[in-house]
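Coordinate analysis (summary)
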Amino acid sequence: NVATARSNFALVLLERGKLEDAEAEQRKALAMQEQALGTAHPSVALSHNNLGQVLMARKAWVDAEVELRQGMELWEQALGAEHPNVAQARHNLAKVLLLLGRGQEALVLAEQAWERRQADDVLPDQRAATAFVLARALWATSTGGAARVRAKELAERAIEGFTKAGQGEDVAAV
């Protein structure tokens, strides 16, 4: 459908660094999805998540949090808390919360995402990315001890996962 095509186009624009255009297209896609499907459909949740990703790239952390949280809540309601999309939404929201300096909130979501990622059959780079977000959350919320040790272990595991997925050179961007 047209909304999905717009959303996919917005993701291409995002990859090309055309952030303002990507945001405009993603907002149009979201409006179309809501009009066609209502506000509680899983496809609408995906549009909120995608808009949140664009806003993250634009460093609009507060706005990204709003969109990512909306997407996460819609997916939880429509698909259940154990669905892989919910794990991805928790992962994304934890990243934003870390950037906003809200480590404790990020830690809760990152732990939930990590638990789900380990149980799901996900791509190694997805599991590695979640391990790294959890490592960052642990590091941000602790001053030493077991939490810091676990953070280092998770970060090392993430690097191994990215390397196995052929993305070892991209670790700094995570």
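Look a little higher up for the structure.
This text gives an overview of the structure that appears in the document.

So, how was this worked out
- Residues numbered from 1 in each chain as written.
- Predicted model: local features only at pLDDT ≥ 70, side-chain atom pairs only at ≥ 80, totals over all residues.
- Heavy atoms only, no water.
- Phe/Tyr/Trp six-rings, centres within 6.5 Å; stacked < 30°, edge-to-face > 60°.
- Lys NZ or Arg CZ within 6 Å of the ring centre and 35° of its normal.
- Helix = DSSP H or I, 4+ residues; strand = E, 2+ residues; numbered from the N terminus.
- Contact = heavy atoms within 4.5 Å.
- Salt bridge = Lys/Arg side-chain N within 4 Å of Asp/Glu carboxyl O.

This structure, assessed with the given rule, holds 0 aromatic pairs. Its end group placed over the ring of Trp 139, Arg 148 keeps NZ or CZ at 3.7 Å from the ring centre.

Now for the side chain of Asn 92. Tracing the backbone shows Asn 92 in helix H5 (residues 84-99). Apart from the residues lying within four places of it in its own chain, the contact partners of Asn 92 are Asn 49, Gln 53, Met 56 and Leu 68.

A separate point is the pattern of salt bridges. Within the structure shown, the criterion is met by 12 salt bridges. A salt bridge links Glu 25 to Arg 6; the shortest N-O distance between them is 2.6 Å. Here Arg 6 lies in helix H1 (residues 2-15) and Glu 25 lies in helix H2 (residues 19-37), a separation of 19 residues in the sequence. For the salt bridge of Glu 105 with Arg 69, the shortest nitrogen-to-oxygen distance reads 4.0 Å. Separated by 36 residues along the polypeptide, Glu 105 in helix H6 (residues 103-119) and Arg 69 in helix H4 (residues 61-79) bring together distant segments of the chain.

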